[in-house]
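Examination of the molecular architecture
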Amino acid sequence: MWQDSAAYGASSSQNTYYAHNDQPNSLQFYDQSSFYPGSRSSLEGNVAQGTIAQPGAPGFTGNIQPQGGWWTAFGTGGFEGEPPLLEELGINFGHIGAKSMTVLNPFRRVDERIMDDADLAGPLIFCFCFATFLLFSGKPQFGYIYGLALLGSMSLYCLLNLMSEQGIDAYRVLSVLGYCLLPMVGVGALSVVVTLDGILGYALSSVSIVWCTYAASGIFVAVLRMSDQRLLVAYPIGLLYGCFALLSVFNVGGSK
């Protein structure tokens with residue numbers, strides 16, 4: 001009986017020993033090097049670059065760190081594969097220059113598709129420059145300029161849609177009238193150094209009115225195909241630019 005119990009004890013201790021040896025080491029599945037600060041380079045400002053691949057699937061390579069420094073977020077070039085910031089905002093200096101040259105040379109043939117890419121960047125710049133020049137000449141009339149531009153554009157929008165079969169949207173009306181304000185901006189610049197309340201100012205204002213009216217009516221006629229109605233289109237446009245000329249000559253609402 002003692003031998004049986006001894007044999008049983010020996011077998012039990014032997015089984016326990018083998019049981020302990022058969023258990024796998026659970027720590028061998030973890031990368032112990034990742035618990036040390038020296039091996040965690042990805043947390044020290046370096047983003048890992050590599051290949052993401054799975055068994056049986058094609059690998060995908062990529063760089064998740066943007067090229068360039070932090071100042072690229074404030075540039076106009078954008079990131080690789082993305083359009084420039086100015087293009088996303090609808091500001092194209094090439095188109096602004098082409099439309100400005102069309103206004104400055106009104107006798108050239110106007111392309112009927114010139115306003116397919118209508119924008120308000122150029123008109124806003126011209127209106128701001130016109131108001132700034134008048135401010136330097138002692139005529140702070142920002143409110144009058146923007147109010148007159150808005151009211152006149154809405155009136156011409158309604159009138160042109162009643163006169164034409166094709167129709168035009170208000171965005172393009174604002175764009176055309178704003179670009180054709182460029183000669184009036186030149187008169188505003190002259191008002192900084194020359195007093196326009198005289199014969200010279202009246203002559204320059206009259207020339208600018210005719211210039212702006214001719215350019216704007218030519219663009220509207222080309223876009224809407226209303227060549228037989230150019231005088232009817234030019235009349236209200238001339239009245240609008242005449243009001244801008246009055247703002248550039250006289251100090252509206254101020255003391256002389």
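The rules behind these values
Residues numbered from 1 in each chain as written. Predicted model: local features only at pLDDT ≥ 70, side-chain atom pairs only at ≥ 80, totals over all residues. Heavy atoms only, no water. Helix = DSSP H or I, 4+ residues; strand = E, 2+ residues; numbered from the N terminus. Contact = heavy atoms within 4.5 Å. Areas by Shrake-Rupley, 256 points an atom, 1.4 Å probe, with all protein chains shown as cover. pLDDT = per-residue confidence, 0-100. Phe/Tyr/Trp six-rings, centres within 6.5 Å; stacked < 30°, edge-to-face > 60°. Buried < 20%, exposed > 50% of the residue type's maximum accessible area, 1.4 Å probe, protein only. Lys NZ or Arg CZ within 6 Å of the ring centre and 35° of its normal. Salt bridge = Lys/Arg side-chain N within 4 Å of Asp/Glu carboxyl O. Core = buried A, V, L, I, M, F, W, Y, C linked by side-chain atoms within 4.5 Å. Polar contact = N/O pair within 3.5 Å; in protein donor to acceptor, adjacent residues only side chain to side chain. Expected span 1.5 Å × (residues − 1). Axes fitted to C-alpha atoms, helices over the stretch in contact; angles between N-to-C directions. Parallel < 35°, antiparallel > 145°, perpendicular 65-115°, else oblique. Nonpolar A, V, L, I, M, F, W, Y, C, P; charged D, E, K, R; others polar. Patch = residues over 30% accessible without salt bridge, like charges linked within 9 Å, V, L, I, M, F, W, Y side chains within 5 Å. Arc of directions from axis to C-beta.

1. Some details on the overall build of the protein chain
Of regular secondary structure, the protein chain possesses 9 helices and 2 strands. Ordered by position from the N terminus, the helices and strands of the protein chain form the series α-β-β-α-α-α-α-α-α-α-α. At a minimum sequence separation of 6, the contacts of the protein chain that also span at least 24 residues come to 66%. With an accessible surface of roughly 17000 Å², the protein chain has 63% of that area assigned to carbon and sulfur atoms.

2. Thoughts on the confidence of the model for the protein chain
Overall, the predicted model of the protein chain reaches an average pLDDT of 75, with 63% of residues at or above 70. Contacts for the low-pLDDT stretch residues 5-13, under 50 throughout, to residues beyond four places or in other chains number 0 contacts.

3. Re the packing of aromatic side chains
Overall, the coordinates contain 6 aromatic pairs when judged by the stated rule. Measuring from centroid to centroid gives 5.5 Å for Phe 107 and Tyr 214, while their planes differ by 45°, and the two rings are tilted. Here Phe 107 is found in the loop between helix H3 (93-104) and helix H4 (121-136), whereas its partner Tyr 214 is found in helix H8 (residues 199-224), with 107 residues between them in sequence. By relative accessible area, which is 71% here, Phe 107 ends up exposed. Tyr 214 gets classed as partly exposed once you look at its relative accessible area, which sits at 35%. Residues Tyr 241 and Phe 244 carry aromatic rings whose centres are separated by 6.3 Å and whose planes lie at 40° to one another, so their mutual orientation is tilted. Within this pair, Tyr 241 and its partner Phe 244 are both found in helix H9 (residues 230-249), separated by 3 residues, close to a single helical turn. Judged by relative accessible area, which is 1%, Tyr 241 ranks as buried. Every member of this aromatic cluster is reached through a ring pair, and the members are Phe 130, Tyr 241 and Phe 244. The cationic tip of Arg 230 hangs over the ring face of Tyr 214; the distance from NZ or CZ to the ring centre is 4.3 Å.

4. Notes on the pattern of salt bridges
Any two side chains of opposite charge can pair, given that their charged atoms come close. Counted under the stated rule, the structure contains 2 salt bridges. One salt bridge connects Asp 169 with Arg 172, and the closest N-O pair in it is separated by 2.7 Å. We classify Arg 172 as partly exposed; its relative accessible area is 25%.

5. A closer look at the nonpolar core
Core analysis: the largest hydrophobic core is formed by 43 residues, its most contacted members being Cys 180, Met 184, Ile 219, Phe 220, Tyr 241 and Phe 244. Mapped onto this core, the elements with two or more residues apiece are H3, H4, helix H5 (142-163), helix H6 (170-179), helix H7 (182-193), H8 and H9. The leading source of residues in this core is H8, at 8 residues. Each residue touching Cys 180, except ones within four places of it in the same chain, is listed here: Val 103, Cys 212, Ala 215, Ala 216, Ile 219 and Tyr 241.

6. With respect to the side chain of Asp 119
Mapping Asp 119 onto the fold places it in the loop between H3 and H4. Of note is the side chain of Asp 119, whose polar atom sits 2.9 Å from the side chain of Tyr 179.

7. Some points on H5
The terminal C-alpha atoms of H5, which comprises 22 residues, lie 31 Å apart, in line with the 32 Å expected from a rise of 1.5 Å per residue. At its buried positions, H5 is contacted by H4, H6, H8 and H9.

8. Structural notes on the packing of H7 against H9
Relative to each other, H7 and H9 sit at 10°, their axes nearing to 10 Å. When the interaxial angle is binned, H7 and H9 end up roughly parallel. Two secondary-structure elements touch here, H7 through Met 184, Val 187 and Ser 191 and H9 through Tyr 241, Phe 244, Ala 245 and Ser 248. Tallied by class, the residues present in the contact of H7 with H9 amount to 5 nonpolar, 2 polar and no charged.

9. Concerning a nonpolar patch on the surface
Taken together, the side chains of Leu 135, Phe 136, Leu 190, Val 192, Val 193, Val 194 and Leu 200 present a nonpolar region at the surface, about 620 Å² in accessible area. Among the elements that take part in the nonpolar patch, H7 stands out by supplying 3 residues, more than any other. Inspection of the secondary structure puts Val 193 in helix H7.

10. Considerations on H3
For H3, spanning 12 residues, the distance from its first C-alpha to its last is 16 Å, which sits close to the expected 16 Å at 1.5 Å a residue. All of the buried residues along H3 are Ile 96, Lys 99, Ser 100, Thr 102 and Val 103. For H3, the arc enclosing every buried residue in end-on projection is 155°, short of the 170-degree limit, so these residues lie on one face.

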